[in-house]
Structures are given as structure tokens and as C-alpha cells.
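Each chain, written out:
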Amino acid sequence: MPVLARTFEAAGFSTILVSQIPYLVETVGAPRTLAVEFPLGHTLGQPHNIPQQKKVLIQALDVLKSAKEPGTVIHSREIWPVPQKEALKDWQPKEPSPLIKMMTPHFLEMAREQRKARRDAPQDKNRRN
Amino acid sequence: MKVDSFKYIPRLLGAFYQNIDRKPIRPIPWSPLKLPLTRCKFGLVTSGGLFYKEEEPPFDLEREKREPTWGDPTFRTIPTGISQEELGVSNLHINTKDVMADMNILLPLQRFNEFVAEGRIGGLASFAYSFMGYQGHPPNAAEWHNTYGPKVAQKLKAEGVNCILLTPS
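Being a predicted model, the structure only gives us computed values, none of them experimental. (Residues numbered from 1 in each chain as written. Chains lettered and ligands numbered in written order. Predicted model: local features only at pLDDT ≥ 70, side-chain atom pairs only at ≥ 80, totals over all residues.)

Student: Residue-level account of the overall build of chain A, with values.
Tutor: Helix and strand counts for chain A come out as 6 helices and 3 strands. Written out in order from the N terminus, the α and β elements of chain A read α-β-α-β-α-β-α-α-α. Its C-alpha radius of gyration of 20 Å places chain A more than 25% over the 14 Å reference for a compact globule of 129 residues. In terms of overall dimensions, chain A has a C-alpha envelope of 60 × 35 × 35 Å along the principal axes. Taking all contacts inside chain A whose residues are at least 6 apart in sequence as the whole, residues at least 24 apart take part in 50%. (Helix = DSSP H or I, 4+ residues; strand = E, 2+ residues; numbered from the N terminus. Rg over C-alpha atoms; globule rule 2.2 N^0.38 Å. Contact = placed C-beta atoms within 7 Å.)

Student: Which residues make up the domain arrangement of chain A, and what values do they have?
Tutor: Segmenting chain A into domains produces domain 1 (2-90) and domain 2 (93-121). The C-alpha centroid of domain 2 of chain A is placed 30 Å from the C-alpha centroid of domain 1 of chain A. (Domains from an automatic or database assignment.)

Student: Just give me the short version of the nonpolar core, but keep the residues and values in it.
Tutor: It is characteristic of soluble globular proteins that their nonpolar side chains tend to be buried jointly. Residues A:Leu17, A:Ala60, B:Phe42, B:Leu44, B:Val45, B:Ile164 and B:Leu166 are the most contacted members of the largest nonpolar core, which totals 60 residues. Among the nonpolar cores identified, the runner-up in size contains 5 residues, and A:Leu40, A:Trp91, B:Ile9 and B:Ile94 belong to it. (Core = buried A, V, L, I, M, F, W, Y, C linked by C-beta atoms within 7 Å. Buried ≥ 20, exposed ≤ 12 C-beta atoms within 10 Å, placed from the backbone.)

Below, the structure is given as C-alpha cells:
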């Protein structure tokens, strides 16, 4: 979505992006971003938690108002009120997406190879001395 | 506090995100805010895969199932006075139960209508727009940038919008 923010900004709009993945936003580069530490699919909060949604949106409007240069990323202090393990499970689709289904064997193979490489690697110098 | 991008992302998917070769695109465009927010008209754009059930079809998830490295690049038009029951969600990358219960977590139509009523912002466009966030693998947002993004920009411009809030899923 940082790409669309750039498209709109270049067309003359002042844009504000809210994102859970500042890592991605910072790589591509978006004009103004509010980063939130929320699970995917819940960019502005929990369903029916109006005070939380309003707080995030008002923070986003503040970033829109106060950002002075392109690439501004402000990190929200809002805390997701559900334990991490539960939240991580909650947002994911019941069935993995078609891409994840297709890629999983490939990733498991990669992970196996990495483990094997670590096992087979000669011990590092410090230990040998 | 710095937001941890991977706190709620499973390890496999996190490795996947980090392995994608994304090149920084510079310079970053910049259109300074020219008016106070109380005079700005807002457009809302999400990539949640939302659609207005009575008027438009869902995103093409059938093709994505057949071709997992492809994602639908088109957009849907959503009247900003829509009720929750009229809204559909087509997205294979999230559990859609919570957004089906309250659209405001991805498309804050009710919150923004309240902001207008409170005088916090100048106005809200009559239509919001939704894309579907998954743009294939490796991700390719070229159609967003070249075709569908400019179409939405044109529509928002025609409504006199100054500011856009973007909410990915």
C-alpha cells in the first residue's frame, strides 16, 4: 500500500498511511505513516472498540498535520489488548492463502537446509582455540 | 517505542516478507497539507478487499486460487453511507470475521462521519475505494501505480478531496 500512497501523493493529495509493517513502508518509502503494533486485518483496532479506533485515527490525523518531510514514520504507543499468542492466531485465515500453501514445502526445505548447514559447518575458531 | 513489524506475524510468513527483494524508491513524493484539517475533504482507501455487495462483484479470488502468484489489482467503489450488512469482504490473507463484524477496523466510515459531525475534519467524499492487498508473488504493484491508482485519484479529485487516509489490511 505504500505504492498507492505515493501514487496519490504524486497526484496532489496529502496522504496518511496507517501500517502494521513499518519495515515494509520504510523500505518502499511512503510520504507520511503512522505505525501501529496491531495484528494484520486490524489496522485501526478491534471491532466495536470505538475509543481505541478513534485514538488511532486522531493520531493519524496528527501525523498528517505535523509531518514536515516525506518519509515521516511515527510509531504509535497503542498496545494491543490481547495476548500475543492469541492475537497471532486470531487474525490468520482459517485456511492458509494459496501462495502460502504453495510455498510452505519450499520454506520448510530451506529451513532444513539451513539447519543442516549449521550442523555440518566446522566449529568456529574461538571454540577450537 | 518502536513498532515491531513482526510481532504478530508467524515465523514462516515473516521470513517470507524479509526475503522479498524490495528496492527503495526515492525520492518520495510530497504534497504539503495546504488547509487546516477542519477544511479538508477526506477520501478513504483501504486494501482490505471490501466491496458493496449489491453493486459489485467480489475480488477475483477464484483466479488467485488457480494462480497463487497472482492477485487481483482492480478496485471497488463503496458509498460512504453504507451499512455493515451491505459490505462484503473478499480476502484470502486474513480472517475476515472481525471486519465483517465492524468495517471501521479497516474502513473507518462511521468514525469519519462522526469526525465530520464533530467538526474535526471538513468533509468526507461520497465514495470510498477498496483494493485487495495481495498483489502477487513477487509483489507487483505496477497495475496499482499505472492504472487503478490514477483512476481512483481522478474520482477523488472530481469530488474535491484534498487528503487521503490509506488503511492496508
